[in-house]
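Chain and residue survey
Take a look at the letters that make up each chain.
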Amino acid sequence: MIVDGKVMNGRRRAFTMAGSSFSIPKPRPSGPPFFSRNQVAQMLHQVAILLELQDANVFRIRSYQNCSRLIGSISEDFNELVASGELFNLKGIGKGLGEAITESMNTGDWPDDWIRLHTDTPQGLIEMLGIPGLGPKRIKIMHDELGVDSVATLKQAAQDNRIAPMKGFGEKTQQRMLDGIELLSRFHARRRLDVGLRYGQVLEAKIASIPGVQHASLAGSARRRRETIGDLDIVVSVHDSDKDDVSNAILNLSGIADVKGAGDSKISLILDTSIFEEEFRLGHIDKNVLEAIGGDDYEQLEASGTIDAQVRLVPPHIAPFTLAYFTGSKEHNIAMRQRAIDRGLKLNEFGLIPEASAGDLKGMDAAHFSLPASSEHDIYSHLDLSFVEPELREDMGEVIAAESGQLPVLIEPDQIRGALHNHTTLSDGEASLEQMADAARQLGWSWLGIADHSPTLKIANGANAEDLLDQGRTIRKYNEQWAMDGVDFKLYHGVESDILEGGKLDHPDDVLSELDYVVASVHAMTKWRNRDEQANTEELLKVIDHPSTTILGHPTGRILQGREGYEVDLFAVLEHMAEHNQNGVLKAMELNASPYRLDLDWRLCKHAKGLGVPIFINPDAHSTRGLSDISYGVMAGRKGWLEAHDVLNTRTISELDVLLSQKE
Ligand code: DGT
Ligand code: CA
Ligand code: ZN
């Protein structure tokens, strides 16, 4: 945050990542004091940056920076310091700044020259500050020499190669700016679940451990396990008497790049990767995915990203209502509110209030009349509903199901016994067969399937038939050994076969028939994306009909925030698979658990379930660590209403043996 020297120097970019944060803090309706400590610190911080954009005297800039940092970090009561004039005794606050702050706090008006700095600086220059690695000094130079005054004109200048020739810039810098612009536009939007959840869970844990916090809970899209997350929402239950201390403690947590606003019960933060104890790493990303998502620089880009977080502080008796409200979704809330209205109740973030009792009272005041709730369960039960798991709160029929006791009993992570789509060093995996098997056993799994790439996929080092059959012999040898030793673990041998022209598989039938199963997947994305839906669908139907095909891998080929999938009628595909299953032939749909894919989309899982098409959740692991991606698949599966019964990863070895023998 702004009080943290390291962040101030190294991560200023985060400040404007969310452009709107660069605004003039508004005074409270009554005072003095008209501004909070955070508002003053924020204003000074902004002024320092604006001065730098104007190429002002370094000492002047530094005095604003230091003063901002100091105010953010002092432990004394800031209002008292100002009121008593002791502010002037602090080292680092000069007479001029001290007077300006005191006057602002007392009158609610910022000094004219601070305001003018804001209004005179083109918005485009401020926007540019959001580009990772680009500071005010360079922005100023480009503005003066090239007339660059916005992200758009900067992009044009870089593309025209007008930046590289300037003194002190160069090719590399120019390229970095282009990368940064792309990052800015992408991250302005949303973060993938794996990344967003990491930030969210760390922030939740940090806040939960602050003395005085009764409970801290992640809400919003992160709690609902959406595939991407806009901003984080956290609800903090805290007694009124502890609220100020808790607020201050939150504002002083590490990992805060900036504070967008700090009101009485809401704190808006911008987090960056310094929130993590360890260096921010993404682990192995398979080449295909990496290419779609930004290439080799991607991890660095992600490591310099930020995410916004809205923290709400409420007293414990209100917290369950606030948590339910901010968990959403908005659509689920609307359905719930309507149900409350039908019962003469008003549901909002403060309570569930009988219409007649609260009169004209609003918000917290009306909440005195609320029906009690010690947890979200009570809210649902007041409305004659069984508890709806957060993942289901998308207005996809969950309220009606909750009314009639028809909600699914969602699959749990510990019900997973194994997974079939994983890679080894035989193709593009990082770990050997042995290492993968060990890792699976350490996860407590009872079986693991290996499905390395097929020959056509050169980029992934697809294995030829001979090597594949060799791998099969090794697998059988291990299985025999384990059986003799009484080890309850089994390896299954499959292949991830590319889908070739005409819906064909990538090995001759006599090779395929040696395998336990085949995951058929599309990798020629360019071709498939250039073809229409009907042609693609027909190819998939054909490959599903191939007697050796067991599972359809990553059915659309989408890479979240990387590329769209190819067009395909998945309803037709699922119906086709359903027919096979009705005829006693196993054709399963993959829910690819890689957080970059989550393909089959959760919205279609419910449909697959309804048709009776079984699902395999597959981590598509390319390393031992990749196996744990299964957890994202389970999240998506839960979101798609899947129960243990719908997901074949929950089967025992003997059950799976039977299933995999259900061929034509
Ligand atoms: P996000 O942040 O875009 O990934 O998605 P959410 O679901 O976290 O949405 P967000 O952060 O805008 O708001 C958090 C929750 O607050 C949202 O899921 C439901 C609730 N909420 C926000 N605005 C409204 C609203 O206008 N009406 C209702 N009923 N609920 C709202
Ligand atoms: Ca949110
Ligand atoms: Zn794969």
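Residues numbered from 1 in each chain as written. Chains lettered and ligands numbered in written order. Predicted model: local features only at pLDDT ≥ 70, side-chain atom pairs only at ≥ 80, totals over all residues. Heavy atoms only, no water.

Once that is clear, we can look at the overall build of the protein chain. In terms of helices and strands, the protein chain carries 31 helices and 15 strands. Relative to a compact globule of 664 residues, whose C-alpha radius of gyration would be 26 Å, the protein chain shows 29 Å and is just as compact. On the principal axes, the C-alpha backbone points of the protein chain span a range of 85 × 70 × 50 Å. With 664 residues in all, the protein chain has 57% of them scored as buried. Here the analysis covers contacts within the protein chain between residues at least 6 apart in sequence; of these, 71% occur between residues at least 24 apart. Carbon and sulfur atoms provide 48% of the accessible area of the protein chain, an area that totals close to 27,900 Å². Taking the average place of the 68 positive charges on the side chains of the protein chain and the average place of its 99 negative ones, the gap between the two points comes to 4 Å. (Helix = DSSP H or I, 4+ residues; strand = E, 2+ residues; numbered from the N terminus. Rg over C-alpha atoms; globule rule 2.2 N^0.38 Å. Buried < 20%, exposed > 50% of the residue type's maximum accessible area, 1.4 Å probe, protein only. Contact = heavy atoms within 4.5 Å. Areas by Shrake-Rupley, 256 points an atom, 1.4 Å probe, with all protein chains shown as cover. Lys, Arg positive; Asp, Glu negative; His and termini not counted. Charge placed at Lys NZ, Arg CZ, Asp CG, Glu CD.)

This paragraph deals with the pattern of salt bridges. Applying the stated criterion across every chain, the model contains 27 salt bridges. A salt bridge links Asp233 to Arg312; the shortest N-O distance between them is 3.9 Å. One end of the pair, Asp233, is in strand E4 (residues 232–238); the other, Arg312, is in strand E7 (residues 306–314), with 79 residues separating them in the sequence. Classification of Asp233 by relative accessible area gives buried; the value is 12%. Among the charged side chains, a network of salt bridges with common partners joins Arg224, Arg226, Glu394 and Lys639. (Salt bridge = Lys/Arg side-chain N within 4 Å of Asp/Glu carboxyl O.)

Glancing now at the coordination of the calcium ion (ligand 2). The protein atoms that coordinate the calcium ion (ligand 2) are Asp231 (O), Asp231 (OD) and Asp233 (OD), at distances of 2.2 to 2.5 Å. The site at the calcium ion (ligand 2) holds 6 donor atoms, and with the angles between them running 71 to 169°, its shape is irregular. Residue classification places Asp231 among the partly exposed positions, given a relative accessible area of 26%. (Donors = N, O, S within 2.8 Å, 3.2 Å for Na, K, Ca; no water. Tetrahedral: all angles 85-135°; square planar, octahedral: opposite > 155°, others 65-115°.)

Before going further, it helps to spend a moment on the coordination of the zinc ion (ligand 3). Within the protein, the atoms that donate to the zinc ion (ligand 3) are His421 (NE2), His423 (NE2), Glu496 (OE) and Asp620 (OD), at distances of 2.1 to 2.3 Å. In this structure, the zinc ion (ligand 3) is surrounded by 4 donor atoms whose angles at the metal cover 82 to 169°, and the resulting shape is irregular. The sequence pattern formed by the donor residues of the zinc ion (ligand 3) is H-x1-H-x72-E-x123-D. With His421 in the loop between helix H22 (398–403) and helix H23 (433–442) and Glu496 in strand E11 (residues 490–498), this pair connects stretches of sequence that are 75 residues apart. Neither residue differs from the other here; His421 and Glu496 are each classed as buried.

On to the domain arrangement of the protein chain, then. Looking at the protein chain, the domain boundaries give domain 1 (13–188), domain 2 (191–314), domain 3 (327–404) and domain 4 (413–586 + 606–614 + 622–647 + 655–660). Here the C-alpha centroids of domain 1 and domain 3 sit 43 Å apart. (Domains from an automatic or database assignment.)

Now for the site of ligand 1. If you check the shell around ligand 1, you find 16 residues, and the closest are Arg190, Ser221, Arg224, Gly230 and Asp231. Asp231 is positioned with one of its side-chain polar atoms (N or O) 2.9 Å from an oxygen atom of ligand 1. Here a nitrogen atom of ligand 1 sits 3.3 Å away from a polar atom, N or O, in the side chain of Tyr325. In the complex, 72% of the free accessible area of ligand 1, which totals 600 Å², lies under the protein chains. Taken together, the elements giving at least two residues each to the shell around ligand 1 come down to helix H13 (220–223), helix H17 (319–327) and helix H18 (330–342). By residue class, the composition of the shell around ligand 1 is 3 nonpolar, 7 polar and 6 charged. In terms of domain composition, the shell around ligand 1 takes at least three residues from each of domain 2 (191–314) and domain 3 (327–404). (Near = heavy atom within 4 Å. Polar contact = N/O pair within 3.5 Å; in protein donor to acceptor, adjacent residues only side chain to side chain. Nonpolar A, V, L, I, M, F, W, Y, C, P; charged D, E, K, R; others polar.)

A separate point is the nonpolar core. The nonpolar side chains of a soluble globular protein tend to be buried with one another. In this structure, Ile207, Ile250, Leu271, Leu540 and Met589 are the most contacted members of the largest nonpolar core, which totals 102 residues. The leading source of residues in this core is helix H12 (residues 193–208), at 6 residues. Here this core gathers at least three residues from each of two domains, domain 2 (191–314) and domain 4 (413–586 + 606–614 + 622–647 + 655–660). In this structure, Met589 is in contact with Ile551, Leu552, Pro555, Leu570, Val573, Leu574, Met577, Leu600, Val613, Pro614, Ile615 and Phe616, ignoring residues within four places of it in sequence. (Core = buried A, V, L, I, M, F, W, Y, C linked by side-chain atoms within 4.5 Å.)

What follows deals with the packing of aromatic side chains. Summed over the entire model, instances satisfying the criterion amount to 11 aromatic pairs. Here the aromatic rings of Tyr199 and Phe276 are separated by 5.0 Å at their centres, their planes lie at 55°, and the arrangement is tilted. Note that Tyr199 is positioned in helix H12 and Phe276 in the loop between strand E6 (266–272) and helix H15 (287–293), a separation of 77 residues in sequence. Given a relative accessible area of 0%, Tyr199 falls into the buried group. Both rings, one in Phe276 and one in Phe280, keep their centres 5.6 Å apart while their planes meet at 35°; by these two values the pair is tilted. Chaining the aromatic ring pairs together yields one cluster made of Phe35, Tyr64, Trp110 and Trp114. (Phe/Tyr/Trp six-rings, centres within 6.5 Å; stacked < 30°, edge-to-face > 60°.)

Strand order in the open sheet made by the 5 strands is E2-E4-E7-E6-E5, with mixed pairing throughout. At either end of the open sheet lies a strand with only one pairing partner, and these are strand E2 (213–219) and strand E5 (256–262). Taken pair by pair, the neighbouring strands of this sheet meet at an average axis angle of 20°, ignoring direction. Pairing geometry for E4 and E7, over 6 bridges, is parallel. What sits directly across from Ile234, in E7, is Val311. (Pairing = 2+ DSSP bridges. Axes fitted to C-alpha atoms, helices over the stretch in contact; angles between N-to-C directions.)

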